[in-house]
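Listed here are the chains, written in short residue letters.
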Amino acid sequence: MTIELRMLMWSVVLGLLLIMIATLCTVGQRGLAWAASPRDEVKPPLAGIGGRLDRARANFLETFPLFLAVVVAAHLLQRHDSATVLGAQLYFWARVAHVPVYAAGIPYLRTLIWAASIVGIVMLLGALF
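To keep things clear, this report deals only with the structure shown in the data block. (Residues numbered from 1 in each chain as written. Predicted model: local features only at pLDDT ≥ 70, side-chain atom pairs only at ≥ 80, totals over all residues. Heavy atoms only, no water.)

### Some details on the nonpolar core
Among the nonpolar cores identified, the biggest contains 21 residues, and L14, L18, F60, F64, F67, Y91 and L124 are the most heavily contacted of them. Elements supplying a minimum of two residues to this core: α1 (3-30), α3 (48-76), α4 (82-104) and α5 (107-126). Per element, the largest residue contribution to this core is eight residues, and it comes from α3. Setting aside its immediate chain neighbours within four residues, F64 contacts L8, S11, V12 and Y91. (Core = buried A, V, L, I, M, F, W, Y, C linked by side-chain atoms within 4.5 Å. Buried < 20%, exposed > 50% of the residue type's maximum accessible area, 1.4 Å probe, protein only. Helix = DSSP H or I, 4+ residues; strand = E, 2+ residues; numbered from the N terminus. Contact = heavy atoms within 4.5 Å.)

In structure tokens, the structure reads:
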């Protein structure tokens with residue numbers, strides 16, 4: 001298995017962990033009855049760390065399909081070099097770092113880390129041209 005595919009696999013694990021953590025925070029704030037309900041009523045946004053973790057989850061889910069697409073395309077086209085490896089590692093480790101920084105509410109560092117993950121995707125995309 002290539003490093004790029006390993007980073008993809010570990011990104012899936014990270015995504016699942018984010019979903020579980022955000023769900024626990026949501027249930028903690030809104031209750032189990034709300035989680036089991038059809039959720040027809042509009043609730044205010046989650047507050048504090050729970051809200052930040054939920055937004056970190058949503059942010060991850062916005063970028064992950066792009067990462068998935070470029071890793072799979074690079075694999076299918078057999079484009080594998082130091083730039084694709086670095087791009088995949090940059091995306092993954094930036095996303096790992098993004099979670100605690102977002103949860104802590106550190107604004108500019110969070111944005112810088114997010115930008116690093118985007119650079120990783122762009123590096124992989126560059127290998128496709």
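Having seen the structure, we can now continue with the description.
### A look at a nonpolar patch on the surface
Taken together, M1, M9, W10, V13, L17, M20 and I21 make up a surface patch of nonpolar side chains, about 660 Å² in accessible area. Along the polypeptide, V13 turns up in helix α1. (Patch = residues over 30% accessible without salt bridge, like charges linked within 9 Å, V, L, I, M, F, W, Y side chains within 5 Å. Areas by Shrake-Rupley, 256 points an atom, 1.4 Å probe, with all protein chains shown as cover. Salt bridge = Lys/Arg side-chain N within 4 Å of Asp/Glu carboxyl O.)

### A few points about the packing of α3 against α5
One can describe the packing of α3 onto α5 by two numbers: an axis separation of 9 Å at closest approach and a directional angle of 20 degrees. Taken together, the axes of α3 and α5 lie roughly parallel to each other. Viewed along their axes, α3 and α5 form a crossing whose handedness is left-handed. When α3 is examined against α5, the residues N59, T63, L66, F67, V70 and V71 are found in contact with a partner set consisting of W114, I118, I121, L124 and L125. (Axes fitted to C-alpha atoms, helices over the stretch in contact; angles between N-to-C directions. Parallel < 35°, antiparallel > 145°, perpendicular 65-115°, else oblique. Left-handed = near helix turned anticlockwise from the far one by under 90°.)

### Considering unusual backbone geometry
Positive phi, normally seen in glycine, also occurs at Q78, with a value near 55 degrees. Note that Q78 resides in the loop between α3 and α4. Judged by its relative accessible area of 73%, Q78 is exposed.

### Digging into the packing of aromatic side chains
Considering all chains together, one arrives at three aromatic pairs under this definition. Seen in terms of ring centroids, F60 and F64 are 5.4 Å apart; in terms of plane orientation they differ by 20 degrees. Their pairing is stacked. Note that F60 and F64 are positioned in helix α3 at a spacing of four residues, about one turn of the helix. Its relative accessible area of 2% is what places F60 among the buried residues. (Phe/Tyr/Trp six-rings, centres within 6.5 Å; stacked < 30°, edge-to-face > 60°.)

### Focus: α1
End to end, α1 covers 40 Å across 28 residues, agreeing with the expected 40 Å (1.5 Å per residue, within 8%). For α1, every residue scored as buried is listed here: E4, M7, L8, S11, L14, G15, L18, A22 and T26. Looking at the buried residues of α1, the elements they touch are α2 (32-36), α3, α4 and α5. Taken from the residues just after α1, G31 is the one with a positive phi, measuring 95 degrees. (Expected span 1.5 Å × (residues − 1).)

### Quick notes on the environment of Q89
Looking at where Q89 falls in the secondary structure, it is placed in helix α4. When the C-alpha atoms of Q89 and L8 are compared, they prove to be 9.3 Å apart, with 81 residues separating the residues in sequence. Discounting chain neighbours no more than four positions away, the residues touching Q89 are I3 and M7.

### Re α4
Compared with an ideal rise of 1.5 Å per residue, which puts 23 residues at 33 Å, α4 spans 33 Å between its outermost C-alpha atoms and is within 8% of the ideal. At H98, α4 shows its largest kink, close to 25 degrees, and the proline P100 lies no more than four residues downstream. Of the residues that open α4, the one with a side-chain oxygen 3.0 Å from the backbone nitrogen of A83 is D81. Positive phi shows up at G105, right after α4, with a value of about 75 degrees. (Bend = angle between axes of the 7 residues up to and from the residue. Polar contact = N/O pair within 3.5 Å; in protein donor to acceptor, adjacent residues only side chain to side chain.)

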